[in-house]
Amino acid sequence: MTPINGGWTIIDAEAGVWMREYSFDGRATANCLVARMADDNLLVISPACNMTEAAFETLQRLGHVGAIVANNGMHYLGLAEWAARFPNASVHAPGAAMTRLRKRSPSLGSILPFDSLTGRLRGRIHVIEAPFTRCGESVTAIRIRSGWAWFASDLLVNLERVNASLPVRLLFRVTGSGPGYRIFNLAMKRTVADRAAVLSWLSAELMQRPPVIIVPSHGRILDHPGLYRQTQDMVSAALRLR
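Residues numbered from 1 in each chain as written. Predicted model: local features only at pLDDT ≥ 70, side-chain atom pairs only at ≥ 80, totals over all residues. Heavy atoms only, no water.

A. Up close: the overall build of the protein. For the protein, the count of helices and strands is 8 helices and 13 strands. Relative to the compact-globule value of 18 Å for 242 residues, the protein shows a C-alpha radius of gyration of 17 Å, a close match. Principal-axis analysis of the C-alpha atoms places the extent of the protein at approximately 45 × 40 × 30 Å. Among the 242 residues that make up the protein, the fraction classed as buried is 55%. Restricting to contacts in the protein with at least 6 residues of sequence separation, those with at least 24 account for 58%. One finds the centroid of the 27 positive side-chain charges in the protein at a distance of 6 Å from the centroid of its 18 negative side-chain charges. (Helix = DSSP H or I, 4+ residues; strand = E, 2+ residues; numbered from the N terminus. Rg over C-alpha atoms; globule rule 2.2 N^0.38 Å. Buried < 20%, exposed > 50% of the residue type's maximum accessible area, 1.4 Å probe, protein only. Contact = heavy atoms within 4.5 Å. Lys, Arg positive; Asp, Glu negative; His and termini not counted. Charge placed at Lys NZ, Arg CZ, Asp CG, Glu CD.)

B. Representation of the packing of aromatic side chains. The final tally for this structure, using the stated rule, is 5 aromatic pairs. Aromatic side chains Y22 and F24 sit 6.5 Å apart centroid to centroid with 45° between the ring planes, which places their arrangement in the tilted category. Feature note: the residues F56, W82 and F86 constitute an aromatic cluster, connected by ring pairs. Across the ring face of F56, the terminal group of R85 is positioned such that the distance to the ring centre comes to 3.9 Å. The residue whose ring lies beneath R209 is W148, and the NZ or CZ to ring-centre distance is 5.8 Å. (Phe/Tyr/Trp six-rings, centres within 6.5 Å; stacked < 30°, edge-to-face > 60°. Lys NZ or Arg CZ within 6 Å of the ring centre and 35° of its normal.)

C. Representation of the packing of helix 7 (residues 195-208) against helix 8 (residues 227-240) in the model. Their axes nearest at 10 Å, the elements helix 7 and helix 8 cross at an angle of 155°. On the basis of the axis angle, helix 7 is roughly antiparallel to helix 8. Note on packing geometry: the crossing formed by helix 7 with helix 8 is left-handed. Residues R195, A196, L199, S200, L202, S203, L206 and M207 of helix 7 form the contact with helix 8, whose own contacting residues are Y228, T231, Q232, V235, A238 and L239. (Axes fitted to C-alpha atoms, helices over the stretch in contact; angles between N-to-C directions. Parallel < 35°, antiparallel > 145°, perpendicular 65-115°, else oblique. Left-handed = near helix turned anticlockwise from the far one by under 90°.)

D. Highlighting the sheet that holds strand 13 (residues 211-216). Pairing is mixed in the open sheet, where 4 strands are placed in the order 8-9-10-13. In the strand order of this sheet, the two ends are held by strand 8 (125-129) and strand 13, each with one partner. Each strand axis lies, on average, 20° off the axis of its neighbour in the sheet, ignoring direction. (Pairing = 2+ DSSP bridges.)

E. Structural detail: helix 8. For helix 8, built from 14 residues, the straight-helix expectation of 20 Å at 1.5 Å per residue is met to within 8% by its first-to-last C-alpha distance of 20 Å. For helix 8, the set of buried residues is L227, T231, Q232, M234, V235, A238 and L239. Projection of helix 8 onto a plane perpendicular to its axis shows the buried side chains occupying an angular sector of 155°, all on one side. Contacts from the buried residues of helix 8 go to strand 11 (156-159), strand 12 (180-183), helix 7 and strand 13. (Expected span 1.5 Å × (residues − 1). Arc of directions from axis to C-beta.)

F. Structural context of unusual backbone geometry. Cis rather than trans, the peptide bond between G178 and P179 has omega equal to 5°. Along the polypeptide, P179 turns up in the loop between helix 5 (166-174) and strand 12. Its identity as a non-glycine residue notwithstanding, D40 has a phi of 75°, on the positive side. Mapping D40 onto the fold places it in the loop between strand 4 (28-36) and strand 5 (42-45).

G. Structural detail: the pattern of salt bridges. Summed over the entire model, instances satisfying the criterion amount to 6 salt bridges. Across the pair D12 and R145 runs a salt bridge whose closest N-O atoms are separated by 3.1 Å. Here the residue D12 occupies a position in strand 2 (residues 8-12), and R145 occupies one in the loop between strand 9 (138-144) and strand 10 (147-153), the gap between them amounting to 133 residues. For R145, a relative accessible area of 62% gives the class exposed. Between R220 and E160 there is a salt bridge, with the nearest N and O atoms lying 2.9 Å from each other. Linking R220 in the loop between strand 13 and helix 8 with E160 in the loop between strand 11 and helix 5, this pair joins segments that are 60 residues apart in sequence. E160 sits in the partly exposed class, given a relative accessible area of 48%. (Salt bridge = Lys/Arg side-chain N within 4 Å of Asp/Glu carboxyl O.)

H. View of the pairing of strand 11. Here strand 11 shows a buried face lined by L156 and N158 and a second buried face lined by V157 and L159. As paired elements, strand 11 and strand 12 share 4 bridges and run antiparallel to each other. Looking at strand 12, one finds that L159 is bridged to G180.

Keep in mind these numbers describe shape, not what the thing actually does.
Written as C-alpha cells, this is what we have:
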C-alpha cells in the first residue's frame, strides 16, 4: 500500500482503488474507499467527514466523482457534504437505509438503489445489499490485479485498539468485536435483523468473490496470505455458535 497526498492510500493504481481513514466523534475512525468505475468516474463508498482541502484536491486529480455510496444507514456523516460538493454525482444506498439517511441528512436530494449503478460498473465492481437488515448493510467487491478487494462495511472490523470510553471498550470485548480482526457483532446488533441469515449470506458472497484485500469500515486494511480462508473460517465458526 502506497500513501499519496491528502491522506489517501493506493490499493491498486491500475484498477484505480484508493482508501482514506477519517476521524469522527472525537477518537473514532472509519474508512472511505474510492474505485474507478467502468465509465472512468469515481465511486466513493462511506464518504469521509472532516476532509481537508488537500484530500479533496488529490481526489479530484485522480478523477471525477460520479457516484457516492452510503454503505449502510450509519455511515451518513460525510454524505451531505460530498453530495453538495459534487452535485452531478448520484447518491446511492441500501433500500433499508434510505429512511434513516433522509432523516439524518435532510438536505440530500434523490437517493437511488444500488441496482441503478449496474450499467456503470460492468461486472468489475459489485455493490451488494445485505438481506435481513434493520437500517441497511452492504459489501463492495472490486476486481484488482491480484483478485478481489472488498469493502466489508460494518460486518467485519479490524481495530488494533478500541479508542473509546471504558463502557464502550467493554462492549467490544463482551460482544467479541475487538480488538483484532473480528465479526463486528456490536454494530450488527443495531444494523441486522437476522444475524445468522446475514452471516450465511456473507459466507456465500465470500465464496463467490474470495477477497485478497479487505477494507473494513473501521480499522486497518487486511491483505495477508490466507485472508479469505481466515475470514470464511471466522464466519463459519460464528454460525456454528449461534
